[in-house]
Every structure is written in structure tokens, then in C-alpha cells.
Amino acid sequence: MDQGQDDGFYRRYEVLLPLRFNDGSLVPDELIEQTLEELRQRFGALSRESQPIEGHGSYFGKTYRDDLLRVFVDVPDTAENRQFFLEFKEHLKARFAQLDIWVTTHPLEIL
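Residues numbered from 1 in each chain as written. Predicted model: local features only at pLDDT ≥ 70, side-chain atom pairs only at ≥ 80, totals over all residues. Heavy atoms only, no water.

1. Section: the layout of surface pockets
For step 1, the next point in the chain: Reported here for the largest pocket is a volume of approximately 680 Å³.
For step 2, the next point in the chain: Every residue lining the largest pocket is counted, 21 residues in all, and those nearest its centre are Asn 22, Tyr 64, Asp 66, Gln 98 and Asp 100.
For step 3, the next point in the chain: Elements represented by at least two residues in the lining of the largest pocket include exactly strand S1 (10–18), strand S3 (53–59) and strand S4 (62–76).
For step 4, the next point in the chain: Residue classes in the lining of the largest pocket are distributed as nine nonpolar, seven polar and five charged.
For step 5, the next point in the chain: If you go around the second largest pocket, the residues you meet are Leu 19, Leu 26, Val 27, Asp 29, Ile 32, Glu 33, Arg 48, Glu 49, Ser 50, Gln 51, Pro 52 and Leu 69.
For step 6, the next point in the chain: In terms of residue count, helix H1 (residues 29–43) provides more of the lining of the second largest pocket than any other element does, three residues in total. (1 Å grid on protein atoms, 1.4 Å probe; cavity = no way out; pocket = protein on both sides within 12 Å on 5 of 7 lines; lining within 4 Å. Points joined across faces, edges and corners; volume = space filled by probe spheres on them. Helix = DSSP H or I, 4+ residues; strand = E, 2+ residues; numbered from the N terminus. Nonpolar A, V, L, I, M, F, W, Y, C, P; charged D, E, K, R; others polar.)

Pasting the structure below:
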């Protein structure tokens, strides 16, 4: 995880990857593995939840249920890393044929 200058300030980026396409069909394992490998190659490590996360929401009055995989990466808090995740989100929306992919971030204090 050696991206950018290590000034002691870190940030966690969390990505919720869909396990099903909008039509309900399963996302192929290869797409998930490709995504995880891209993050591993870029940052050297990542973490993921072992159980799916169930999401519920509505869009234009229709209720949706999602099965999601939470992946997170702790990296130095740099503009370069933020830009990567902004671009990566757009890439993932296309890869998984989604209107949106939820990517959140927050600062970390590592002891």
C-alpha cells in the first residue's frame, strides 16, 4: 500500500460490488475476481467481507433489493488515490452494468 507520500494520513475507500445484475442474474465470479485483482495490483492489499450485504432501496417508486460484496482498501490520503477511485467507480459502473456503484470514504487513524 505504497501509493503517494506517506505523511501519516490514511483514508479508507469502501466499494459495494453487486453480486447480481439488475435483471437478477448472478455476476460471474470472474468479474469480481478481476476487480479484486486490480485493487491488489494497485495498492498491494485489500479486505473484503465474507458474507453478502443485503441492500434495499427505491428508484422512481420501484423497490430494489441488492446482494453486495463490501471491499475496502486503506491507503495514504492523497489526491492521486482519490482520483483513482473516482475513475474506478465509473469503470465499475460499466463493468457491472449499474446505474451507480456505492463508493464511500473516510479518514483513518492507524495506531
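2. Brief notes about unusual backbone geometry
For step 1, the next point in the chain: You will see that Ala 97, though not glycine, has its phi angle at about 50°, which is positive.
For step 2, the next point in the chain: With respect to the helices and strands, Ala 97 occurs in the loop between helix H2 (79–95) and strand S5 (102–108).
For step 3, the next point in the chain: Its relative accessible area of 49% is what places Ala 97 among the partly exposed residues. (Buried < 20%, exposed > 50% of the residue type's maximum accessible area, 1.4 Å probe, protein only.)

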